[in-house]
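Below are the chains, spelled out letter by letter.
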Amino acid sequence: MAYLLVSAFLLAAQTHGAPKEYSQQGVGVLLDSLKLQEGLFTNESENYSSQVQPPGTNRRIPQSIIIGVRKGGTRALLEMLDIHPEIVVATTEVHFFDWDENYAKGFEWYKNLMPFSYENQITVEKTPGYFTSSLSPERIHEMNSSIKLLLILRDPTERVISDYTQVYYNRLENHKPVQVIEEIVIRNGALNTKYKAIQRSLYDVHMENWLKYFSLDQIHIVDGDTLIRDPLPELQKVEKFLNLRPRIMSSNFYFNQTKGFYCIRSEGRERCLHESKGRPHPMVNSTVLEQLQAYFKDHNQNFYRMVNRSFDWH
């Protein structure tokens, strides 16, 4: 029903000769209201294959991909970029380039999972697993060697703790046994460097693989720690990187005291990230923290040299 109304709106706009930009903006406003009324475009229920195609739109291979990193703020970045009228987002993680069974289905299958968009819009997909996948850089390069990539990173030690926290709560919800973080991070008195969460925080190791296929000016790094504290400056940098007109404003954000982070205000409605985001981290033994920070120190310095930029990481 929602898309029938949208189609009717578009046909009316075309009949009366409304300017293209006006028509698209109107549709955007209408779609936003219909999303609420019809329950469309939620992360849980979105099914692009069943969408009715609005006139003048097509499904397109993404022109930009958020490649990671897991627990770096990829969902927040995607939701915030979705404010921009010239960006359309695939809200589910596709795992096309990092999962062999999906990649084997081909680019047409991948394209059909993207939302409909107009010619002047950029389609953005995000799958955090791409950054740490050894196969994803080459596969994405094969699809589009000039694509623009977005990589959001945060303090690697904090990222490990956030990674652990997500798994911890997932196991609790599924009634599975859990371990305190110290029991996982430390094995036989030494740092367990084979722990996947630690491996994911070796940014220099993974970045080296991406730079084999893409130049540094094709990869924009978003500071995830800054995005949490002050979203607008980081988003303005992304707008510039994607050659988009500045449309995201400070009025699009408000700080939610209860949740402890910024939420989004757009098209007359407000929304926050899912309750699974921003969960409180456990208290971690200070000695364990120091061991993690010491382990990442050289890797961080190497990463800074690779990207010609430093971050406020411990």
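The following paragraphs examine the structure supplied in this document. The structure presented is a predicted model; accordingly, all values stated were derived computationally and were not measured.

### Things to note about the sheet that holds strand 6 (residues 148-153)
Consideration 1: The parallel open sheet is built from 5 strands, whose spatial order is 3-5-2-6-9. Edge positions in the sheet fall to strand 3 (87-90) and strand 9 (219-223), since each of these pairs with one other strand and no more. Here the average twist between neighbouring strands, direction ignored, is 25°.
Consideration 2: Direction of pairing for strand 6 relative to strand 9: parallel, over a ladder of 5 bridges. Residue pairing for strand 9: L150 is matched across the bridge by H220.
Consideration 3: Contacting strand 6 and strand 9, helix 12 (residues 231-241) runs over the sheet at an angle of about 170° to strand 9.

### Side note on the sheet that holds strand 11 (residues 261-266)
The pairing of strands in a sheet comes from backbone hydrogen bonds and takes either a parallel or an antiparallel form.
Consideration 1: Strands sit in the order 10-11-12 across an open sheet of 3 strands; the sheet is antiparallel. Each of the sheet's edge strands pairs with one partner strand only, and the pair in question is strand 10 (253-256) and strand 12 (269-271). Averaged over all neighbouring strand pairs, the angle between strand axes comes to 35°, with direction disregarded.

### Examining helix 3 (residues 74-81)
Consideration 1: The buried fraction of helix 3 amounts to 8 of the 8 residues, a majority that puts the element mostly inside the structure.
Consideration 2: When we look at burial in helix 3, the residues that qualify are T74, R75, A76, L77, L78, E79, M80 and L81.

### A few points about the side chain of S64
Consideration 1: Within the element layout of this structure, S64 appears in strand 2 (residues 64-68).
Consideration 2: When its relative accessible area of 0% is taken as the criterion, S64 is described as buried.
Consideration 3: Side-chain polar atoms of S64 contact the backbone oxygen of K148, separated by 3.0 Å.
Consideration 4: Ignoring sequence-local partners within four residues, the contact set of S64 consists of I122, T123, V124, E125, I147, K148, L150 and L242.

### Considering the packing of aromatic side chains
Consideration 1: The tally for this structure, following the rule as stated, stands at 22 aromatic pairs.
Consideration 2: Judged by centre distance (6.3 Å) and plane angle (35°), the rings of F303 and F311 are tilted.
Consideration 3: Judged by its relative accessible area of 1%, F303 is buried.
Consideration 4: Using a relative accessible area of 9% as the deciding quantity, one classes F311 as buried.
Consideration 5: In textbook terms, an aromatic cluster arises when at least three aromatic residues are bridged by ring pairs, as seen for F96, F97, Y103, F107, W109, Y110 and Y130.
Consideration 6: Between the NZ or CZ atom of R139 and the centre of the ring of Y103, over which it lies, the distance is 4.1 Å.

### Thoughts on the environment of R60
Consideration 1: The residue R60 is located in the loop between strand 1 (58-59) and strand 2 in this model.
Consideration 2: Residue contacts for R60: discarding those within four places in its chain leaves K111, M114, P115, S117, Y118, E119 and T123.
Consideration 3: Within the local environment of R60, its side chain forms a polar contact with the backbone oxygen of N58, the two atoms lying 3.4 Å apart.
Consideration 4: Looking at R60, its side chain comes within polar contact range of the main-chain oxygen of S117, at 2.5 Å.

### Details of helix 10 (residues 203-210)
Consideration 1: With respect to burial, helix 10 is a largely interior element, 6 of its 8 residues being buried.
Consideration 2: Listing the buried residues of helix 10 in full gives Y203, D204, H206, M207, N209 and W210.

### Focus on the packing of helix 10 against helix 13 (residues 286-307)
Consideration 1: Taken N-terminus to C-terminus, the directions of helix 10 and helix 13 make an angle of 30°; their axes are 8 Å apart at the nearest point. If you check the angle between helix 10 and helix 13, you find them roughly parallel. Of the residues in helix 13, those touching helix 10 at Y203, D204, V205, M207 and E208 are H299, N302, F303, M306 and V307.
Consideration 2: Taken together, the residues of the contact of helix 10 with helix 13 sort by class into 6 nonpolar, 2 polar and 2 charged.

### Points about the packing of helix 3 against helix 12
Consideration 1: Between helix 3 and helix 12, whose axes approach to 11 Å, the crossing angle comes to 70°. The angle between helix 3 and helix 12 falls in the class roughly perpendicular. Residues L77, M80 and L81 of helix 3 form the contact with helix 12, whose own contacting residues are P231, L235 and V238.
Consideration 2: Broken down by class, the residue content of the contact of helix 3 with helix 12 amounts to 6 nonpolar, no polar and no charged.

### Some remarks on the nonpolar core
Consideration 1: Within the largest apolar cluster, 29 residues are counted, with the highest numbers of intra-cluster contacts made by I65, I140 and F303.
Consideration 2: Mapped by element, the contributors of at least two residues to this core are strand 2, helix 6 (136-143), strand 6, helix 10, strand 9 and helix 13.
Consideration 3: Discounting residues that sit within four places of it in the chain, I140 has contacts with I65, I67, F97, Y130, I147, L149, W210 and F214.
Consideration 4: If you look at the next biggest cluster of nonpolar residues, it comprises 28 residues, including A76, L77, F241 and L244.

Rules used in this analysis
Numbering of residues starts from 1 in every chain and runs along the sequence as written. Owing to the predicted nature of the model, reporting of local features is limited to residues with pLDDT of at least 70; listing and counting of side-chain atom pairs is limited to 80 or more, with chain, interface and lining totals taken over all residues. Note that water and hydrogens are dropped before the side-chain values are worked out from all heavy atoms of the structure. We treat two strands as partners when DSSP finds at least two bridges between them. Only DSSP runs of H or I covering at least 4 residues are called helices, and only runs of E covering at least 2 are called strands; the numbering of each starts at the N terminus. Fitted lines through C-alpha atoms serve as axes, helices being fitted only where they are in contact, and the angles separating the N-to-C directions of these axes extend from 0 to 180 degrees. Residues count as neighbours in contact if any of their non-hydrogen atoms are within 4.5 Å of one another. Only protein chains enter the area calculation, which uses a 1.4 Å probe; residues under 20% of their type maximum are buried, those over 50% are exposed, and those in between are partly exposed. By the criterion applied in these results, polar contacts are pairs of N or O atoms within 3.5 Å in which, for protein atoms, one can donate a hydrogen and the other can accept it, and in which residues neighboring in sequence qualify only through two side-chain atoms. In this analysis, rings of Phe, Tyr and Trp, with Trp reduced to its six-membered ring, are considered paired at centre separations within 6.5 Å, and the interplanar angle assigns stacked below 30 degrees, edge-to-face beyond 60, and tilted for intermediate values. Ring-over charges, as used throughout, are those where CZ of Arg or NZ of Lys falls within 6 Å of the ring centre and within 35 degrees of the ring normal. For this classification, under 35 degrees means roughly parallel, over 145 means roughly antiparallel, 65 to 115 means roughly perpendicular, and everything else is oblique. Under the scheme applied here, ten amino acids are nonpolar (Ala, Val, Leu, Ile, Met, Phe, Trp, Tyr, Cys and Pro), four are charged (Asp, Glu, Lys and Arg), and all others, including Gly, are polar. Take the buried Ala, Val, Leu, Ile, Met, Phe, Trp, Tyr and Cys residues and link them wherever side-chain atoms come within 4.5 Å; each set so joined is a nonpolar core.

Bear in mind that shape data such as this cannot, by itself, settle questions of function.
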